[in-house]
Amino acid sequence: MKEKLQTLKGEAVKQIQEADIPEKLNDVRIRFLGKKGELTAVLKGMKDVAAEERPKVGQMVNETREAIEALLDEAKKKMDAVIRAEKLKTEVIDVTLPADRNSIGHRHPNTIALEEVERIFIGMGYEVVEGPDVEYDLYNFEKLNIPADHPAKDEQDTFYINKDIVLRTQTSPVQARVMEQGKLPIRMIAPGRVFRSDEVDATHSPSFHQIEGMVIDKNISFADLKGTLEIFAKELFGEDTKTKFRPHHFPFTEPSAEVDVTCFKCGGSGCRFCKGTGWIEILGCGMVHPHVLEMCGVDPEEYSGFAFGVGLERIALLKYEIDDMRLLFENDIRFLKQF
Ligand code: 2NL
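The notes below deal with the structure included here. For clarity, every value in this text was computed on a predicted model and none was experimentally measured.

Definitions and limits used
Residues numbered from 1 in each chain as written. Predicted model: local features only at pLDDT ≥ 70, side-chain atom pairs only at ≥ 80, totals over all residues. Heavy atoms only, no water. Phe/Tyr/Trp six-rings, centres within 6.5 Å; stacked < 30°, edge-to-face > 60°. Helix = DSSP H or I, 4+ residues; strand = E, 2+ residues; numbered from the N terminus. Lys NZ or Arg CZ within 6 Å of the ring centre and 35° of its normal. Expected span 1.5 Å × (residues − 1). Buried < 20%, exposed > 50% of the residue type's maximum accessible area, 1.4 Å probe, protein only. Contact = heavy atoms within 4.5 Å. Near = heavy atom within 4 Å. Polar contact = N/O pair within 3.5 Å; in protein donor to acceptor, adjacent residues only side chain to side chain. Areas by Shrake-Rupley, 256 points an atom, 1.4 Å probe, with all protein chains shown as cover. Pairing = 2+ DSSP bridges. Axes fitted to C-alpha atoms, helices over the stretch in contact; angles between N-to-C directions.

Considering all chains together, one arrives at nine aromatic pairs under this definition. On the basis of an interplanar angle of 35° and a centroid distance of 5.0 Å, the ring pair of Phe121 and Phe232 is categorised as tilted. Here the residue Phe121 occupies a position in helix H5 (residues 109-123), and Phe232 occupies one in helix H9 (residues 222-237), the gap between them amounting to 111 residues. Taken together, the aromatic side chains of Phe121, Tyr126, Phe232 and Phe308 make up a single cluster linked through ring pairs. Here Lys143 stacks its cationic end above the ring of Tyr139, 5.5 Å away from the centre of that ring. Over the aromatic face of Phe273 sits the side chain of Lys265, whose NZ or CZ is 5.9 Å from the ring centroid.

This is the structure in structure tokens:
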């Protein structure tokens, strides 16, 4: 028995020395110490050993097991050290190499333009207010002096959810809601997404953005409107910008006007950018119609106000000299990266 154990141990030593990878060491462990291993087989053979010999033989088996275990652990430690040393040699980090650049995202041209417009109006004491994209017909049309049979309702080619609910075609319903809350005076802008059933082309999209503004107070006149929009145009397009108010018609304002600014490319002398006219149209505006004030719970005898609306995409296209609105919606990273 003793000899058998010694032969076993010798065999294990030999195999441990031959093992060159951790997997082979593990094989040796299983072969000798495993449940179906050589040493276990010896233990199973104990029944053939005389009873008085058993403790001694048992001790020898245990000693052999411990010896093989110790040898295996030692070999494993050595092998790990070699592997680690090899890894350190091959996986050197060259700390002098330039780091990978993180690509940092940035604002969409619409956002840049919106934040610029917000900055200008916040500077004049306006509040930025948002409202729902899905609106009641009542707020989108009725309260803004656009009754069911009004031709402007056709013009706006609205998306209807049902007969009472629409995707808003303008952000004016936000102003109507603020007026209804009854806290006066009001100085606000309402930026947001609007929807019209338009075909997509270089200047149209079924979904675009508007920024509407409104001031309601005692003694607000057309002069206040002109002064305010003049400052806005100068801040947005440069100190030398001049504004021109052309009479126009909107159902919710009276009187109404469209505003042109001198072309910021040629300064007004005429160029390709302004199609030779020297002027560029930027917004619509007017004095809030007394009937609108009334329908929104504001007394037109006591209060008056002005309102205006600009297309955000139009501002972005002009300011950043983009010639096709579709570029603002396609979100091609090669285009967006330029801003
Ligand atoms: C345009 C014209 C405009 C308004 C919007 C407005 C809102 C209320 C009452 C009165 Cl609650 N007016 N908004 C007024 C005049 C013109 O937009 O062409 N926008 C792109």
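For H5, spanning 15 residues, the distance from its first C-alpha to its last is 21 Å, which sits close to the expected 21 Å at 1.5 Å a residue. By the burial criterion, the buried members of H5 are Pro109, Asn110, Ile112, Ala113, Leu114, Val117, Glu118, Ile120 and Phe121.

A word on the side chain of Gln15. Structurally, the position occupied by Gln15 is in helix H1 (residues 2-18). Overall, Gln15 belongs to the buried group, its relative accessible area being 16%. Residues contacting Gln15, with those up to four places away along its chain left out, are Val28, Arg31 and Phe32.

Turning to the site of the ligand, a few remarks are in order. Looking at the ligand, there are 15 residues lining it, with Gln175, Glu212, Gly284, Ala307 and Gly309 nearest. One of the backbone N or O atoms of Gly309 is found 3.1 Å from a nitrogen atom in the ligand. Notes on the ligand: free accessible area 490 Å², of which the protein chains cover 89%.

Next up on the list: the sheet that holds strand S1 (residues 127-128). Taken in spatial order, the seven strands make up an open sheet running S1-S4-S5-S9-S8-S7-S6, and their pairing is mixed. Only two strands of the sheet have a single partner each, and these edge strands are S1 and strand S6 (243-250). Relative to strand S4 (residues 186-195), H5 is tilted by about 165°, and along the sheet it contacts S1, S4, strand S5 (207-217) and strand S9 (304-311).

By themselves, these figures tell us nothing about what the structure is for.
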